[in-house]
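If you want the building blocks of each chain, they are given just below.
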Amino acid sequence: KISVRALDSFTKAMTSFVQRCRKLNFSPEDLEIKISQHETISGAERVFLEIGKITFSNYLEELGNRNKQDFDGLMWEAIELLKKGESCFSRKGGRETGDLKNLRFVLVDEFQDFSEPFYALLNEMRNFNESASFFCVGDDWQAINGFAGSDLKFYENFEEFFSCPKKLDISTNYRSAEKIVQLGNTLMQEKK
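Conventions and cut-offs
- Residues numbered from 1 in each chain as written.
- Predicted model: local features only at pLDDT ≥ 70, side-chain atom pairs only at ≥ 80, totals over all residues.
- Heavy atoms only, no water.
- Helix = DSSP H or I, 4+ residues; strand = E, 2+ residues; numbered from the N terminus.
- Expected span 1.5 Å × (residues − 1).
- Buried < 20%, exposed > 50% of the residue type's maximum accessible area, 1.4 Å probe, protein only.
- Pairing = 2+ DSSP bridges.
- Polar contact = N/O pair within 3.5 Å; in protein donor to acceptor, adjacent residues only side chain to side chain.
- Contact = heavy atoms within 4.5 Å.

Visitor: Now, about helix H4 (residues 71-83): what can you tell me, with residues and values included?
Guide: With 13 residues, H4 should reach 18 Å at 1.5 Å per residue; the first-to-last C-alpha distance of 19 Å fits that figure. Residues of H4 that are buried: Asp72, Gly73, Met75, Trp76, Ile79 and Leu82. Downstream of H4 by one or two residues, Gly85 has phi in the positive range, about 100 degrees.

Encoded structure:
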């Protein structure tokens, strides 16, 4: 039973490691450099990184062999397409099409879980359409995806990332019963 739990913990840690590498758009060579610059604090960490390097490389190779892509890979592919000047998009087998140059408004929900790839994507979109307005909705109290590469710096420093920002606070909760709102407010006041 202990070995099964240990294997499960290792698998989860390795999965997170690979996902973080994808979120950062690392190549196997980038990871090799990063690991060579890192000073490990234990033999176990050194072994984990060596296994991680092999696992990550094999993961990318397997994606290529199957002609598949994961979510982060799709994000980085979209960013590269934009960098190459491709702004047209389609969905539903080409039945719905559009061009980023024509977008007037872009809604970003769950902005507290924003990450580097999302920011890079929006940045490239802005290169095509400087007049597009971004409407970002988020709640820093709901930021739960830091383990997956989300970074609250985008939320906390919104005005540094978006021109002419206007911040609106929604202080009325219409979704929850009054008792839940009161308890939530009490908790937030205690946490400041």
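Visitor: Can you tell me about the pairing of strand E1 (residues 88-91), naming the residues and giving the values?
Guide: By the bridge criterion, 4 bridges tie E1 to strand E2 (residues 96-99) in an arrangement that is antiparallel. Residue pairing in the sheet places Phe89 in a bridge with Gly98 of E2. In textbook terms, the turn of a hairpin is the stretch between consecutive antiparallel strands, and for E1 and E2 this stretch comprises 4 residues, one of which, Lys92, has a positive phi near 55 degrees.

Visitor: Could you give me a rundown of the side chain of Asn129, with the residues and numbers involved?
Guide: Relative to the assigned elements, Asn129 resides in the loop between helix H5 (116-128) and strand E4 (133-136). Its relative accessible area of 5% is what places Asn129 among the buried residues. One polar contact links the side chain of Asn129 to the main-chain amide nitrogen of Ala132, over a distance of 3.1 Å. Setting aside its immediate chain neighbours within four residues, Asn129 contacts Leu100, Lys101, Asn102 and Leu103.

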